Amino acid sequence: MNNTKYSESLEDYLEAICLKGGEDVKSVELARHLNVSRASVNKAINTLIEKKLVEKEYYGNISLTEEGKKVSKKILWKHRLLKRFLIDHLEVSEEVASHEACGIEHSISDETAEKLEKLMEQLESN
């Protein structure tokens, strides 16, 4: 997989599209989910189209490309991993864990996430 880093904002859009099913997602759904304007959604989607991570028909719905699916699933995996670590091992509240996982997921490398996952497996098996 391509290890290209994308901006936090673009990763949030990819994650939101993935959470909405990855196909036939409406701009208005993304605007509501991310609490942004439809103009912001359109600008971000155009950038994601240029990067070949999403496809959108003229005035149509948004779908992830194969590469977009890979990238968005990796972002979502990191988010869920971090949230689980914060809740299960650091006993952080779910609300705080969700918010902080969203911030950390954008800066943690795949290598670090994989090592964190292995550490969690070891902790959970003991």
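The structure under discussion appears in the preceding block.
Because the structure is a prediction, the values reported are computed rather than measured. (Residues numbered from 1 in each chain as written. Predicted model: local features only at pLDDT ≥ 70, side-chain atom pairs only at ≥ 80, totals over all residues. Heavy atoms only, no water.)

Brief notes about helix α3 (residues 38-50)
- The terminal C-alpha atoms of α3, which comprises 13 residues, lie 18 Å apart, in line with the 18 Å expected from a rise of 1.5 Å per residue.
- Every buried residue belonging to α3 is among V41, A44, I45 and L48, and all of these are buried. Considered in projection along α3, the buried side chains sweep an arc of 105 degrees and stay on one side of the axis. When the buried face of α3 is taken as reference, the exposed residues oriented beyond 90 degrees from it are A39, K43 and E50.
- Phi turns positive, to about 60 degrees, at K52, one or two residues after α3. (Helix = DSSP H or I, 4+ residues; strand = E, 2+ residues; numbered from the N terminus. Expected span 1.5 Å × (residues − 1). Buried < 20%, exposed > 50% of the residue type's maximum accessible area, 1.4 Å probe, protein only. Arc of directions from axis to C-beta.)

Overview of helix α1 (residues 8-19)
- With 12 residues, α1 extends 16 Å from end C-alpha to end C-alpha; this agrees with the ideal 16 Å at 1.5 Å per step.
- All of the buried residues in α1 are L10, E11, Y13, L14, E15, A16, I17 and C18.
- The inward-facing, buried residues of α1 contact α2 (27-34), α3, β1 (54-56), β2 (62-64) and α4 (66-88).
- Looking one or two residues beyond α1, the residue adopting positive phi is G21, at roughly 110 degrees. (Contact = heavy atoms within 4.5 Å.)

A short note on the packing of aromatic side chains
- Using the criterion set out here, one finds 1 aromatic pair in the structure.
- With a centroid separation of 4.5 Å and an interplanar angle of 75 degrees, the aromatic rings of Y58 and Y59 are classed as edge-to-face.
- Among the residues examined, Y58 registers a relative accessible area of 73% and is labelled exposed.
- Since its relative accessible area comes to 73%, Y59 is described here as exposed. (Phe/Tyr/Trp six-rings, centres within 6.5 Å; stacked < 30°, edge-to-face > 60°.)

Some details on the pattern of salt bridges
- Using the criterion set out here, one finds 7 salt bridges in the structure.
- Across the pair K78 and D110 runs a salt bridge whose closest N-O atoms are separated by 2.9 Å. Of the two residues, K78 is situated in helix α4 and D110 in helix α6 (residues 110-125); the sequence distance between them amounts to 32 residues. You'll find K78 and D110 in the same group, each marked buried.
- The salt bridge partner of K83 is E94, with a shortest N-O separation of 3.4 Å. (Salt bridge = Lys/Arg side-chain N within 4 Å of Asp/Glu carboxyl O.)

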